[in-house]
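# Commentary on secondary and tertiary structure
Spelled out from the first residue to the last, the chains are:
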Amino acid sequence: MKEMISIALPKGRLGEKAYKILADAGVECPAINEESRKLIFENAEKGVRYFWVKPSDVVIYVERGAADIGIAGKDIILEYSPDIYELADLGIGKCRMAVAAKKDFCDKRDTTLRVATKFPNIAKDYYNKQSREIDIIKLNGSIELAPILEMSDVIVDIVETGKTLLENDLEPKQDIVDISARLIANKVSYKFKNKEIRTICEGIEKIIK
Amino acid sequence: MNLSSSVFRNDEIAVYNLRELYQSYGYNLYKINRFEEYDLYARNKNFLVSENILTFTDTNGRLMALKPDVTLSLIKNIALGADQTYKVFYNENVYRTSSASNGFKEIVQTGLECIGKVDMMSECEVLMLAIKSLECISNESILDISHMGFIEGLLDSEKLSANEKEKFLFAIESKNLSEIKRLCNINGIPDNLLNILEVIVNMYLPLDKSIEILSEMALNSKMLDALRELSDIADAMKIYGLQDKILLDFSVVNNRNYYNGITFKGFIKGIPESILSGGRYDKLLEKMGKQSRAIGFAVYLDKIERYGNNESSFDVDALIIYDPALSYKKIINAVEEIRGQGKSVKLAVVIDNSVKYKELLKITERGVELLERNDKYSAS
């Protein structure tokens, strides 16, 4: 019997792009494009079930096995370090995690560095490796405001084009890591639904090559 | 032993079934004190799953710990003779922190250890018991096995820094092929090695079939030794008739400080994480100054508590209402008769709306009357 595969997609533009790749890989679900209030979309013939969740929650749904596979940004994976398989790089949603600060800022390493970020674990890890003492300020949005108001020295955030930074008189100082969307899988689902998940994986690999 | 699933939870049934299984292969129950001197864990921190330990001061001022691990206490206490093999199992509570619960958690753990003269036969027996342990819990189960020697041999063939090696191991653990390619690129790893890595990351087959594929790939004696050991295991599992239940997966990486040689993890369908974990841990014995070898595993029973709960939709078969004015004799005789029919009963003076019952009965002067029947959702 063919096993049903549950797929968690991140709400928003990235999720829509990712769905197109999945559909091209052979697991389309036309119901997903219809306007409706439904939360779960199913295509029994292809054996798939999709649902939209908050982007940062995809890793949780997959780690806990509520979704067998999902699409998550590398930033979210690094921040939460879930116990999952990372099966493919979709090559979409490309950007980078970087340290940014006011243009005239120079880190002299003579004081504790104040770091504002949405990604405290990534920031901690980055500065730990440099044995740098930091003061983390966890924010949930408008990170750029922190250095302007002198609440922090630097920010650790996602940089796509750098335009937002520039408009606020900030600039990227160091790159931390490249980010893109990844196909992730629950470790136990990968074992019991191996054939189905491998087929999706291979379908995706053909497209992104 | 036949334990009714309507009375016992799955984890409770498993405790008894596992005990029966282990005893039938000559493993003895080993009981350990709940407390252990903290010093034991402080000296062996590397071998613990988490460094957080629940401590308290004993009446004589000694720092004690609620044990976070059973194996350490076990090894400390076992007096090994030169030619002896200790085969023991335990069923104990351990105290650990977990990321999901903020704070300490009491975990019921059943485990099995084979310590002393551990040859290939003992190793195969332990693996067979691991597979059968999973079968005690579910008929859809898998044991994944890996060998540290194979991966280490593979990475040793290139001169990698400890830091880079760690990155490779993590990428293998998460089956992250794009990261492996990136790492190979940075470190100038030759293509033939990348090809092997690609095969072992994507391959997920029964052990015997995997070995056929890998036999061409050994680059050095370390890898060859590992393959030979895995091949012996595959042969033995075939004789036990369990060859379909054991798969090779190098992403199974257990605590590398603790284990050497084979490591394994067990899964059952419906639980999103491993419920059994184990391997060879000769290093730990070495560190504790014992000249012997050891292999063992633990089953995390807390994880199966919710598994496949054939949740009975009823609390009781019969809710029995009685008139307090009736004689005890009348009430007791009526109740015992209903119980005699194999039904569970709950006696009450008035109807309790919080009780879900199949039948509502009333004891009156004339005998037992049926007031209501709710067999719609009956599970039995």
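Within any chain, residue numbers begin from 1 and follow the written order of that chain's sequence. Whichever chain is written first becomes A and whichever ligand is written first becomes 1, with later ones labelled in order. Confidence filtering applies because this is a predicted model: local features only for residues at pLDDT of at least 70, side-chain atom pairs given and counted only at 80 or more, and all residues used for totals across whole chains, interfaces and linings. Side-chain figures throughout are based on the complete set of non-hydrogen atoms in the structure, without hydrogens or water.

### Re the overall build of chain B
Helix and strand definitions here come from DSSP, where helices need a minimum of 4 consecutive H or I residues and strands a minimum of 2 consecutive E residues; each element is numbered from the N-terminal end. In terms of helices and strands, chain B carries 12 helices and 16 strands. Radius of gyration here uses only the C-alpha atoms, and the compact-globule reference equals 2.2 Å multiplied by the residue count raised to the power 0.38. Its C-alpha atoms give chain B a radius of gyration of 27 Å, more than 25% over the compact-globule value 21 Å for 380 residues. Each principal axis of the C-alpha atoms in chain B carries an extent, and together these give about 90 × 55 × 40 Å. A 1.4 Å probe rolled over the protein chains alone gives each residue an accessible area, and that area as a share of the maximum for its type sets the label: buried under 20%, exposed over 50%, partly exposed in between. Of all 380 residues assigned to chain B, the portion counted as buried reaches 48%. In chain B, once contacts between residues fewer than 6 apart in sequence are set aside, the share between residues at least 24 apart is 68%. By definition in these notes, contact holds between two residues if any of their heavy atoms fall within 4.5 Å.

### As for the domain arrangement of chain B
Per the annotation, domain bounds derive from an automatic or database assignment of domains. Taken domain by domain, chain B holds domain 1 (10-303) and domain 2 (316-373). Its C-alpha centre places domain 1 of chain B at a distance of 53 Å from the equivalent point of domain 2 of chain B.

### Topic: the sheet that holds strand β16 (residues 367-373) of chain B
Residues and elements named next belong to chain B. Any two strands with at least two DSSP bridges between them are considered paired. If you trace the 4 strands from one edge of the open sheet to the other, you get β14-β13-β15-β16, paired in mixed fashion. Both outer strands of the open sheet, β14 (345-348) and β16, are each paired with one neighbouring strand and no more. In this sheet, neighbouring strand axes are inclined to one another by 25 degrees on average, regardless of whether the strands run parallel or antiparallel. Whenever a helix is involved, its axis is fitted only over the stretch in contact; in every case the axis is a line through C-alpha atoms, and angles between N-to-C directions fall within 0 to 180 degrees.

### Things to note about the interface of chain A and chain B
Contact with chain A, which involves 19 residues of that partner, is made by 22 residues of chain B. Defined in terms of a 1.4 Å probe, buried area is the accessible area two parts forfeit on being brought together, summed over both. Summing the contributions of chain A and of chain B, the shared interface buries around 1600 Å²; its carbon and sulfur component is 54%. Ranking the residues of chain A by area buried against chain B places A:Val188, A:Lys191 and A:Phe192 at the top, with a combined share of 38%. Only one rule defines a salt bridge in this text: a Lys or Arg side-chain nitrogen within 4 Å of an Asp or Glu carboxyl oxygen. Along the contact surface separating chain A from chain B lie 3 salt bridges. Among the ionic pairs, B:Lys269 bridges to A:Glu3, the shortest N-O distance being 2.4 Å. Polar contacts, as used here, are pairs of N or O atoms within 3.5 Å; protein pairs need one atom able to donate a hydrogen and one able to accept it. Residues neighboring in sequence count only if both atoms are side-chain atoms. Between chain A and chain B we count 8 residue pairs in polar contact (both at pLDDT 80 or more) in total. Every element with two or more residues in the side of chain A that touches chain B is listed here: β5 (84-89), β11 (181-186), α7 (187-192) and α8 (194-208) of chain A. Looking at side-chain class alone, the side of chain A that touches chain B contains 6 nonpolar, 3 polar and 10 charged residues. Under the scheme applied, nonpolar residues are Ala, Val, Leu, Ile, Met, Phe, Trp, Tyr, Cys and Pro; charged residues are Asp, Glu, Lys and Arg; polar residues are all the others, including Gly.

### What about the pattern of salt bridges?
All names here are of chain A. Applying the stated criterion to the full structure yields 44 salt bridges over all chains. In this structure, the salt-bridge partner of Glu 28 is Lys 46, at a minimum N-O distance of 3.9 Å. Placement of Glu 28 in the loop between α1 (13-24) and β2 (40-43) and of Lys 46 in the loop between β2 and β3 (48-53) is noted, with a sequence separation of 18 residues between them. Take Glu 28: its relative accessible area is 29%, and that puts it in the partly exposed class. A salt bridge links Arg 182 to Asp 89; the nearest nitrogen and oxygen atoms lie 3.7 Å apart. One end of the pair, Arg 182, is in strand β11; the other, Asp 89, is in strand β5, and 93 residues separate them in sequence. You can call Asp 89 partly exposed: its relative accessible area is 25%. One continuous salt-bridge network, built from bridges that share partners, spans Lys 74, Glu 86, Asp 89 and Arg 182.

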